[in-house]
Amino acid sequence: MESKTAALAHEGAPAANEAAAPSAPGEAQRAGPFPMRSPGGGEPRDEVAETAAGAVRELVARARAAQAAWAEVPVGERAELIAGVKKRLLARAEEIAALVHRECGKPIEEAALAEVLPNADLVDYWTSSIEELLDESPVDLDPLAYPGKTGRIRREPRGVVALITPWNYPVAIPLRTLVPALLAGNAVVFKPSEVAPRSGALVASLFEGLLPDGVLSVAQGGGDVGAALVEAGVDLVVFTGSVAAGKKIAVACAERLVPTSLELGGKDSAIVLGDCDLERAARGVVWGAFTNAGQSCASIERVYVEQAIADRFITRAVALTRELRPGVDVGEMTTARQAAIVRRHLEAAVDAGAEILAGGAPPEGSLAFPPTVLRVAHEDTPLLQEETFGPVLPIVVVKDAEEAIARTNASRFALTTSLWTRRHARAHALARRLRSGVVTINNHGFTGALPAAPWTGVGDSGSGVTSSPHALAALTRPRFVLDDRSRAKRELWWYPYTPALRALAFAMARARGGAGLFGRVRALVELAAALSRRLFGR
Ligand code: NAD
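Residues numbered from 1 in each chain as written. Predicted model: local features only at pLDDT ≥ 70, side-chain atom pairs only at ≥ 80, totals over all residues. Heavy atoms only, no water.

An unreviewed UniProt entry annotates the protein chain as Aldehyde dehydrogenase originating from Sorangium cellulosum. Turning to the protein chain, the UniProt record has this under Sequence similarities (unreviewed entry): "Belongs to the aldehyde dehydrogenase family." (UniProt positions renumbered as here; feature names shortened; annotations may be inferred.)

In structure tokens, the structure reads:
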């Protein structure tokens, strides 16, 4: 495989929610399409070899050559092999957390809780359920209409899957697709984010020696390498990332008729109702907004709080935010590009009259963005319309739940929404009216860690599904096998087409509901006559 050492400028790294964002001061000192310095403290990091775009096709060809044999390995054996990933993950927990901390700025606790532990559950879930999930299932066939026939559905691997992932959960997000995709018999070419290439390499190393050569390979690089992978003859693209890149991939795949699974941005809202447990709601919203420094697709980026408790909720949320310790509870942002976007959204909101209640933008160029709470009155600002992807919590006071739902549903994003209330029956009724892939009642965002729960969006949040048996719909394709043991020499519908066949077809239509009661009775008589003529070869 051709490769070159990454030592180029970071300018190639895309922003989370925009195709091209202005560089921020401070960016220049961060080298690499693979940044060479950590967000916190800027310590230097190891170099990472970049895969030449031209070598990507070779990886796909190797994957294709390896996939057929891998798919022949009985699924139980595949599960036994991949079960080994769990032990490696847990044994390397501290190393993984430290690397993610160095590479992305995530607090160590968050890295262990979000990137390591749920993945052990993930491996358990898929390795213990995959045999049953891939098991053949029979299809009911009416023995009178289809005598002698049985049908079964098998789930077949897609073939070679391109997996392209972002930097914000650089271990958990790839594993959520890698584990079920490999178990289902696919080969995978994995392109981690150029912002977190070392975490990507670490993820691949968890499978080292467990899989035949070529079944899993890594292409390191930026958007150009991702684009080359999409065009390299793969059978499915599983992409998690920004709307801008997702749209480009969707177009490239449409031209090649390659199916896609796209998990894109978010603008999650938390709807805080007057009858909520205020302390729990305030704590939950503060965590949901600031975990991972707000760099989560499911970060709370809008709060709609009911007027009746607005003042009390805001006071408590602000107090809790002020208690957060920089660098301990909330890490630095990962990229200067993203920090520049957050600053821009914040400034636009303040210019339009929003009031900062806690935090505020740091000195220009700093990644240490303090957790910031604002009271916002006008919906028409990027802070409430675009994905901000940073530690900013805008709070909007609304009249009631109706207004909160209308505002939530008006967004082009629709990933997850949380409802905070003590009235569970009402919450379930409201949940049904939300345009949202996931709804959580009195909690937020954490369900991405549940391997049996589908994680999915609507609209600009994409339509892919991660986790749960629903994810297998993308990672496999159904193959229907019909077995006909009928001894008849021909089917009724085979040649020749005769007047008896025509009479039979129309009598059947009338008998099955195409006529009134009397017509149906007459059709049954005609049907019997036409059937006997047909059975005698006419
Ligand atoms: P990004 O779109 O900039 O990059 C994601 C990946 O796509 C990277 O590996 C990148 O190199 C690659 N890429 C970029 N352009 C490409 C192209 N034209 N063709 C192929 N590959 C290309 O996103 P990011 O900044 O790394 O991640 C943040 C974004 O991811 C946010 O919008 C966030 O909401 C989203 N995200 C969504 C989910 C979800 O489950 N819905 C989860 C995590 C992150």
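Below, the discussion takes up the site of the ligand. Of all residues adjacent to the ligand, which total 33 residues, the nearest are Thr165, Glu194, Ser242, Leu264 and Glu387. A distance of 2.9 Å separates an oxygen atom of the ligand from a polar atom in the side chain of Lys191. Within the backbone of Ala227, one N or O atom sits 3.5 Å away from a nitrogen atom of the ligand. The fraction of the free accessible surface of the ligand (850 Å²) that becomes covered by protein chains is 95%. Residue assignment for the shell around the ligand shows that the elements contributing at least two residues are helix H7 (223-230), strand S8 (236-240) and helix H8 (243-256). (Near = heavy atom within 4 Å. Polar contact = N/O pair within 3.5 Å; in protein donor to acceptor, adjacent residues only side chain to side chain. Areas by Shrake-Rupley, 256 points an atom, 1.4 Å probe, with all protein chains shown as cover. Helix = DSSP H or I, 4+ residues; strand = E, 2+ residues; numbered from the N terminus.)

This part covers the sheet that holds strand S5 (residues 160-164). One open sheet holds the 5 strands; their spatial order is S7-S6-S5-S8-S9, and the pairing between them is parallel. Here the strands that pair on one side only, and so sit at the sheet edges, are strand S7 (216-218) and strand S9 (260-263). Averaged over all neighbouring strand pairs, the angle between strand axes comes to 15°, with direction disregarded. Pairing of S8 with S9 involves 4 bridges; the strand directions are parallel. When the sheet's bridge partners are listed, Val238 is paired in S9 with Ser261. Along the sheet, helix H1 (residues 56-72) makes contact with S5, strand S6 (187-191) and S7, crossing S6 at roughly 155°. In this fold helix H5 (residues 172-183) packs onto S5, S6, S7 and S8, with an angle of close to 165° to the strand it touches most, S6. (Pairing = 2+ DSSP bridges. Axes fitted to C-alpha atoms, helices over the stretch in contact; angles between N-to-C directions. Contact = heavy atoms within 4.5 Å.)

Reading across from one edge, S3-S4-S21 is the order of the 3 strands in this open sheet, with antiparallel pairing throughout. The sheet is open, and its two borders are formed by strand S3 (137-139) and strand S21 (476-484), each paired with just one other strand. Put simply, the sheet's adjacent strands are angled 35° from each other on average, direction ignored. Relative to S21, strand S4 (residues 149-157) is paired through 9 bridges, and the arrangement is antiparallel. Counted as the bridge partner of Gly151 is Leu482 from S21.

Before going further, it helps to spend a moment on empty space enclosed by the protein. Here the structure, examined in full by the defined rule, presents 4 cavities of 30 Å³ or more. Of the volumes computed, that of the largest cavity is approximately 70 Å³. Lining the largest cavity are Arg176, Thr177, Pro180, Val238, Ser261, Val465, Thr466, Ser467, Ala471, Ala474 and Leu475. Among the secondary structure elements, those contributing two or more residues to the lining of the largest cavity are H5, strand S20 (465-466) and helix H15 (472-475). In terms of residue count, H5 provides more of the lining of the largest cavity than any other element does, 3 residues in total. Taken together, the residues that form the lining of the largest cavity break down as 6 nonpolar, 4 polar and 1 charged. Here the second largest cavity is characterised by a volume of approximately 50 Å³. In terms of lining residues, the second largest cavity is bounded by Lys267, Asp268, Ser269, Arg302, Thr408, Phe413, Ala414, Leu415, Thr416, Thr417, Arg435 and Ser436. Sorting the residues of the lining of the second largest cavity by element identifies strand S10 (268-272), strand S15 (413-414) and strand S16 (416-420) as the ones contributing at least two each. Tallied by class, residues from the lining of the second largest cavity come to 3 nonpolar, 5 polar and 4 charged. (1 Å grid on protein atoms, 1.4 Å probe; cavity = no way out; pocket = protein on both sides within 12 Å on 5 of 7 lines; lining within 4 Å. Points joined across faces, edges and corners; volume = space filled by probe spheres on them. Nonpolar A, V, L, I, M, F, W, Y, C, P; charged D, E, K, R; others polar.)

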